[in-house]
Amino acid sequence: MRKFISVSLLSLVLVSCSGEQMQNSNSMEKIANQSVKSAKQVQLAPEIELIQNTALAGTHGYDIIESVTTEIGQRLAGSPEEAKARDWAVKKFKDIGLSNVRIEPFTVPGWIRGEEHAEIIAPFPQKLEITALGGSAATPDSGIEAPIAYFPTYEDLENAPDGGLEGKIVFISGHMEKAHDGAGYGPANKKRQLGATEASKRGALAVVIRSVGTDSHRFPHTGQMRYRDNVKPIPIGALSAPDADQLERILGRGETVTLKLTLTPKSVGDLPSGNVVGDLIGTEKPDEIILIGGHLDSWDLGTGAVDDGAGVGITAGAIKVLVDSGLKPKRTIRLVAFGAEEIGLLGAFAYAEKHSDNLNNHVLASESDFGAERVYAVRTTVQGAARDKIMEIQKSIEHLGIAMEDGDTSGGPDIIPLRAKGVPAIRLQQDGTDYFDLHHTHDDTFDKIDQDAVAQNVAAWATMIWMASEADVDFRQEPEIIGE
Ligand SMILES: [Zn+2]
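Owing to the predicted nature of the structure, the values given are computational and were not obtained by experimental measurement.

## Some thoughts on the overall build of the chain
Within the chain, the regular secondary structure consists of 15 helices and 18 strands. Relative to its 484 residues, the chain shows a buried fraction of 54%. Restricting to contacts in the chain with at least 6 residues of sequence separation, those with at least 24 account for 83%.

Printed below as a string of structure tokens:
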């Protein structure tokens, strides 16, 4: 027997699309309107209604996020805390009812944060808030003192002539735009990834950047950086946004600005990391794997609540909803808590390498790694007739405020290596409007997690993995050739 979905789900849609987010985004307004219409029309199969009611009434994901952030805290890749988090995940996966729970180990290049201070010496002496970027080289323990060379944007540095920055500390500013899909991150992130290389090529001593973030708090944002081959590694740190503003005002007075910078991180050689893997074995097609997960490591400043305790909690919570609902999927649902994502997707590459012989058995893959706000759209790489099944899944979660969105998807950062080897990907796109206020800062903590938003995520994920496990199509089929 089929029933109409309840009015409480409709009100959840209205709540989810209220306020500032809608003013920020026409596309989200359109989604909200579509959702209200469909909420009056949609009928759900009984097991899907059971899944969604269980998820929306429960705290399956929320409790897991609370557990990892409270009992472990910061989980830097390669650290003893990341190792504790693996043990935590093994126990949690077993408690949920997963089989074959194991750690798949690998090693990572270790990097440990040291002292970090920045101070304007002249013309207006004062302290600034700074943090070293992951992988940064160090200054001497006593710091360096040098005049600032100011570049309003990364492109200004990239277009600067060779040489000319000898004896200087480069400051790269440049604002990041807020967007619900995080579109501002890629452009803003260039200075984090390449700023040290470009400054070093021109002879600079060190670099400070305006944090890659969208907040106006005094929390600097860390994140991984790389040196290109054949450049001298120079130290690089990120100033908080208000401190970058302050430095720009002082530079605007037109005098030479002298900065004292002390960053003493260390590279410490190979350290242990690992992925935690567990399966809810399929009843009819156990060899066909639907892989979901999040990443277990975090940066070492906050407790990794939105990045990515949320992703681990949401995906583990979704499987727990199926188990608690007494549903047994036909295909195997595999949960992976990836290690060492933050320092270059190292767990993702290790997984793809270790499972290279049976990646063809991976019929669909997806990661939750964009915070803890509501899902607003489905994207997929699945083509042809199998795409109709994905659209059926979307129709079953449309009343939760979730539309179908065209366009490509990676499936999530840790899915990139799998996708590159042909594994089909799906992504439940989350509202990331405020994600980069917290991302990679001291302020990424559990109090930022909204219980109702996590429950909406878990309801959507549980519906997706259930319907994908039951689907009578092969998501791996090649796209249909149009024409000829
Ligand atoms: Zn992440």
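Now that the structure has been shown, the text picks up again.
## A look at the environment of Ala 83
Looking at the element boundaries, Ala 83 is found in helix 6 (residues 80-96). With 19 C-beta atoms counted inside 10 Å, the residue Ala 83 sits in the partly exposed group. Spatially, the C-alpha atom of Ala 83 lies 7.8 Å from that of Pro 272, the residues being 189 residues apart in sequence.

## A few points about unusual backbone geometry
Between Ala 122 and Pro 123 the backbone carries a cis peptide bond, its omega angle lying at 5°. By secondary structure assignment, the location of Pro 123 is in the loop between strand 4 (116-122) and strand 5 (126-128). Asp 308 follows Asp 307 through a cis peptide bond whose omega is 5°. As for its placement among the helices and strands, Asp 308 is situated in helix 10 (residues 305-324). Despite not being glycine, Asn 230 has its phi angle at roughly 65°, a positive value. Considering the arrangement of structural elements, one finds Asn 230 in the loop between strand 9 (206-210) and strand 10 (236-239). In this structure Asn 230 comes out as exposed when scored by C-beta crowding, with 8 C-beta atoms within 10 Å.

## Considering the pairing of strand 4
Of the strand pairs in this sheet, strand 4 and strand 11 (residues 258-263) are connected by 6 bridges, and their pairing is antiparallel. When the sheet's bridge partners are listed, Glu 116 is paired in strand 11 with Leu 263. Both strand 4 and strand 5 contribute to a ladder of 3 bridges, which runs antiparallel. Paired with Ile 120 across the strands is Gln 126, a residue of strand 5.

## Quick look at the sheet that holds strand 12 (residues 266-280)
Across the sheet, 5 strands lie side by side as 3-12-14-13-15; this open sheet has mixed pairing. Every other strand in the sheet has two partners, leaving strand 3 (99-112) and strand 15 (362-367) as the edge strands with one partner each. Direction aside, the axes of adjacent strands within the sheet are offset by 20° on average. The pairing of strand 12 with strand 14 (residues 331-338) spans 5 bridges and is classified as antiparallel. Bridge assignment links Val 277 to a residue of strand 14, and that residue is Val 336. Seen against the sheet, helix 10 touches strand 12, strand 13 (285-295), strand 14 and strand 15 and runs at an angle of roughly 145° to strand 13. Across the face of the sheet, helix 11 (residues 346-354) comes into contact with strand 3, strand 12, strand 13 and strand 14 while running at roughly 130° to strand 3.

## Regarding the pairing of strand 9
With 5 of 5 residues buried, strand 9 lies mostly within the body of the structure. The alternating pattern of strand 9 places Ala 206, Val 208 and Arg 210 and Val 207 and Ile 209 on opposite faces, both of which are buried. Since strand 8 (residues 169-172) and strand 9 lie parallel, the crossover through helix 8 (residues 185-201) that links them has a hand, and here it is right-handed. Alignment of strand 9 against strand 10, held across 4 bridges, turns out to be parallel. Of the residues in strand 10, the one forming a bridge with Val 207 is Ile 236.

## A few points about the environment of Ile 144
The topology assignment puts Ile 144 in strand 7 (residues 144-151). Take Ile 144: there are 17 C-beta atoms within 10 Å of it, and that puts it in the partly exposed class. In the structure, Ile 144 is positioned 25 residues away from Ile 169 in sequence and 9.0 Å away in space, judged by C-alpha atoms. Dropping the residues within four chain positions of it, Ile 144 is found in contact with Thr 139, Leu 205, Ala 206 and Leu 261.

Reading the values: the criteria
- Residues numbered from 1 in each chain as written.
- Predicted model: local features only at pLDDT ≥ 70, side-chain atom pairs only at ≥ 80, totals over all residues.
- Helix = DSSP H or I, 4+ residues; strand = E, 2+ residues; numbered from the N terminus.
- Buried ≥ 20, exposed ≤ 12 C-beta atoms within 10 Å, placed from the backbone.
- Contact = placed C-beta atoms within 7 Å.
- Pairing = 2+ DSSP bridges.
- Axes fitted to C-alpha atoms, helices over the stretch in contact; angles between N-to-C directions.
- Right-handed = clockwise from strand over helix to strand, strands pointing away.

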